[in-house]
Amino acid sequence: MRTIGHFIDGVETTGNSAEFQDVFNPATGEVQARVALATEADLDAAVAAAAAAQPKWAATNPQRRARVFFNFVALINRDMQDLAELLSAEHGKTVEDSKGDILRGLEVAEFVAGAPHLLKGEFTDGAGPGIDMYSMRQPVGIGAGITPFNFPAMIPLWMLSPAIAAGNAFILKPSERDPSVPMRLAQLAIEAGLPRGILNVLHGGKAVVDGILHHDQISAVSFVGSTPIARYVYATAASEGKRVQAFGGAKNHMIIMPDADMDKAADALMGAGYGSAGERCMAVSVAVPVGEETADRIVAALKPRIEKLKVGPATDKASEMGPVITRASKDRIAALVESGIAQGATLAVDGRAFSLQGYENGYFVGPSLFDHVTTDMDIYKEEIFGPVLSVVRSKTYEDALRLTMDNPYGNGTAIFTRDGDAARDFAARVNVGMVGINVPVPVPLAYHSFGGWKASAFGDLNQHGTDAIKFWTRTKTVTARWPSGIKDGAEFQMPVMK
Ligand code: NAD
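Residues numbered from 1 in each chain as written. Predicted model: local features only at pLDDT ≥ 70, side-chain atom pairs only at ≥ 80, totals over all residues. Heavy atoms only, no water.

Draft legend 1. Layout of the overall build of the protein. Of regular secondary structure, the protein possesses 16 helices and 23 strands. Its C-alpha atoms put the protein at 85 × 60 × 40 Å along the principal axes. Residues classed as buried in the protein amount to 57% of the 498 residues present. Within the protein, contacts between residues separated by at least 24 positions form 72% of all contacts whose residues are at least 6 apart in sequence. For the protein, the exposed area adds up to about 20700 Å²; of that, 52% sits on carbon and sulfur atoms. Counting 47 positive and 56 negative side-chain charges, the protein places the centres of these two groups 5 Å from one another. (Helix = DSSP H or I, 4+ residues; strand = E, 2+ residues; numbered from the N terminus. Buried < 20%, exposed > 50% of the residue type's maximum accessible area, 1.4 Å probe, protein only. Contact = heavy atoms within 4.5 Å. Areas by Shrake-Rupley, 256 points an atom, 1.4 Å probe, with all protein chains shown as cover. Lys, Arg positive; Asp, Glu negative; His and termini not counted. Charge placed at Lys NZ, Arg CZ, Asp CG, Glu CD.)

So this is what it looks like as structure tokens:
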């Protein structure tokens, strides 16, 4: 049995770990590896390695730091196929989808290769007589990132790339359910020329997360995961005086206006609702057709598409959707589908009986479609995080907008329409962080920033884009007066520029 250790000071090690957790293949239900769970001593060792390496890394000029990212990007591209297969084996998503996961993270590593430009400070020449003023952005020191299972490449890369390019050392605590790709990324970073100790990876659950949140040498924490844990991480890290950003769950609505192209809207809902088995924080889980006729048309367009969806293991190239991550997740989704029926929704496509010959022990869930869903039902209130799409029929555009705005989550949303006026109004008024206009999964590119509103994010700076550079750095402002500007005698009033 393969054992996955931590990555401390450039070396893979099980350290002081006495406990291990099984890593499953979600397609077969078999245990394929075991991962070490970090102890307090492992965390201290990772922090010590980070603290020893960070000052020299911070003093390395930004162009040299950026060059490591050029190499890193090339190495990830070199190993793309292997990384994608490894990712699929632990997560279950298709290999093409895994490549997308890696590529969207890789784009952030490409973005931070521009670190010298991104880290430039501000300068005011002659802020007063003989006075210059300048601001610089300095690394926070040691940062930590805690990431979810559903994007084991993209989300670690969102965090570690800007943190490290900005001159910090970094401790990554990836999901213990699919830990192999984060480990490979750390090894590739060393191969790319990153000094040992700058990137460390520790595995585990609540215990090691708590250790990070309370560790006095860790200055900033970035978290992505479910909303209850995001709230907890935000509150705990903030109470320790750390800088913290914490991104949570989602319930993304897609509004379909009567003038939309129904075939294109249905295709979009297929990818956004069932891609990656619905295990995306930007998945569309609620379709909101405006008007009864639109609702009938979209449901009619969806049904044959869902029935044709090819569900299977990632090893089958024809698969369009893989299993969900764990047996517990499969059981939870099944219970939610039962609750939808019991609470009066119409199960327009029933995925409950799905079974795949040869993969009976895998965590496959057939795709389901609910129509006539109402806001009091559990399938509407809960983040299902599975291949279950709910249709909430809406009478008017204003009702659809209000429904989206009243939802406690605010990660992503989309509107499908040919009406520019409606689209513009929607983008301006909706209280959601990422909006798509005829784009079902509006994940911003690396040079813009990613982040939701309401219960989908806690903290005030987003992932990637210039926000990430701000998050992983502190501003220092220097006011310099040269002899020609210095007057004789003491001044007792508050200094003002005259
Ligand atoms: P999760 O909250 O269970 O786990 C996230 C991380 O927190 C993992 O590293 C895990 O080990 C750790 N953790 C788990 N329980 C903990 C506890 N009690 N105390 C401290 N740490 C704990 O999330 P998940 O199931 O891995 O991922 C799915 C969730 O992540 C969904 O809710 C999804 O919407 C969300 N997500 C959000 C975004 C976003 O950008 N907003 C992106 C991806 C995923």
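Draft legend 2. Representation of the domain arrangement of the protein. According to the domain assignment, the protein consists of domain 1 (2–248 + 456–478) and domain 2 (252–437). Computed from C-alpha atoms alone, the centre-to-centre distance between domain 1 and domain 2 is 31 Å. Between domain 1 and domain 2, the contact holds 20 residues from the first and 23 residues from the second. In this assembly, domain 1 packs against domain 2 so that about 1700 Å² is buried in total across both faces, 61% of it on carbon and sulfur atoms. (Domains from an automatic or database assignment. Buried area = accessible area lost by both parts, 1.4 Å probe.)

Draft legend 3. Layout of the pairing of strand β9 (residues 169–173). For β9, the buried fraction is high: 5 of the 5 residues fall into the buried class. Covered by surrounding structure in β9 are Ala-169, Ile-171 and Lys-173 together with Phe-170 and Leu-172, the residues of both alternating faces. Read as a crossover between parallel neighbours, the route from strand β8 (residues 142–146) over helix α6 (residues 154–165) to β9 is right-handed. The pairing of β9 with strand β10 (residues 199–201) spans 3 bridges and is classified as parallel. Bridging across to β10, Ile-171 finds its partner in Asn-200. Between β9 and its parallel partner β10, the chain crosses via helix α7 (residues 180–191), and the hand of that crossover is right-handed. (Right-handed = clockwise from strand over helix to strand, strands pointing away. Pairing = 2+ DSSP bridges.)

Draft legend 4. Representation of the pattern of salt bridges. Taken as a whole and judged by the stated rule, the model has 25 salt bridges. Notably, a salt bridge pairs Asp-425 with Arg-429, separated by 2.9 Å at the nearest N-O pair. Taken together, the positions of Asp-425 and Arg-429, both in helix α15 (residues 420–429) and 4 residues apart, correspond to about one turn of that helix. Each of Arg-78, Asp-79, Arg-184 and Glu-191 takes part in salt bridges that share partners, so that together they form one network. (Salt bridge = Lys/Arg side-chain N within 4 Å of Asp/Glu carboxyl O.)

Draft legend 5. Broad picture of the environment of Phe-471. Relative to the assigned elements, Phe-471 resides in helix α16 (residues 465–471). Residue Phe-471 is classed as buried on the basis of its relative accessible area of 2%. In the structure, Phe-471 is positioned 332 residues away from Pro-139 in sequence and 9.4 Å away in space, judged by C-alpha atoms. Residues within four places of Phe-471 in sequence aside, it is in contact with Val-140, Ala-220, Val-221, Ser-222, Arg-243, Val-244, Gln-245 and Leu-461.

Draft legend 6. How the structure looks around the layout of surface pockets. By volume, the largest pocket amounts to about 760 Å³. Along the wall of the largest pocket there are 33 residues; nearest its centre are Phe-149, Arg-177, Gly-225, Ser-226 and Ile-229. Mapped by element, the contributors of at least two residues to the lining of the largest pocket are α8 (206–214), β11 (220–224), α9 (227–239) and α12 (327–342). Its residues placed into classes, the lining of the largest pocket shows 14 nonpolar, 11 polar and 8 charged. Residues lining the lining of the largest pocket come from more than one domain, with at least three contributed by each of domain 1 (2–248 + 456–478) and domain 2 (252–437). Of the volumes computed, that of the second largest pocket is approximately 340 Å³. The biggest single contributor to the lining of the second largest pocket is strand β23 (residues 473–481), with 3 residues. For the lining of the second largest pocket, the class distribution of residues is 6 nonpolar, 4 polar and 4 charged. (1 Å grid on protein atoms, 1.4 Å probe; cavity = no way out; pocket = protein on both sides within 12 Å on 5 of 7 lines; lining within 4 Å. Points joined across faces, edges and corners; volume = space filled by probe spheres on them. Nonpolar A, V, L, I, M, F, W, Y, C, P; charged D, E, K, R; others polar.)

Draft legend 7. Focus on empty space enclosed by the protein. This structure, assessed with the given rule, holds 2 cavities of 30 Å³ or more. Approximately 100 Å³ is the volume found for the largest cavity. Grouping the amino acids of the lining of the largest cavity by side-chain chemistry returns 7 nonpolar, 5 polar and 3 charged. For the second largest cavity, the calculated volume is near 40 Å³. Looking at the second largest cavity, the residues that line it are Val-68, Phe-69, Phe-72, Leu-160, Ile-164, Ala-189 and Leu-194. Looking at the lining of the second largest cavity, the elements with two or more residues in it are α2 (62–78) and α6.

Draft legend 8. Expanded view of the packing of helix α3 (residues 80–91) against helix α4 (residues 95–112). One can describe the packing of α3 onto α4 by two numbers: an axis separation of 8 Å at closest approach and a directional angle of 110°. With respect to α4, the element α3 is oriented roughly perpendicular. Note that α3 runs across α4; the crossing there is right-handed. Listed contacts from α4 to Met-80, Gln-81, Leu-83, Ala-84, Glu-85, Leu-87 and Ser-88 of α3 are Val-95, Ser-98, Lys-99, Asp-101, Ile-102 and Leu-103. (Axes fitted to C-alpha atoms, helices over the stretch in contact; angles between N-to-C directions. Parallel < 35°, antiparallel > 145°, perpendicular 65-115°, else oblique. Left-handed = near helix turned anticlockwise from the far one by under 90°.)

Draft legend 9. View of the sheet that holds strand β6 (residues 122–128). The strand order across the open sheet formed by 3 strands is β6-β7-β23, and the pairing between neighbours is antiparallel. For this open sheet the edge positions go to β6 and β23, each flanked by a neighbour on one side alone. In this sheet, neighbouring strand axes are inclined to one another by 20° on average, regardless of whether the strands run parallel or antiparallel. Relative to strand β7 (residues 131–139), β6 runs antiparallel, the two sharing 4 bridges. Looking across to β7, one finds that Gly-128 is bridged to Ile-131.

Draft legend 10. Expanded view of the environment of Ala-109. As for its position among the elements, Ala-109 is in helix α4. Accessibility expressed as a relative area gives 0% for Ala-109, which makes it buried. With 281 residues separating them along the chain, Ala-109 and Ser-390 place their C-alpha atoms 36 Å apart.

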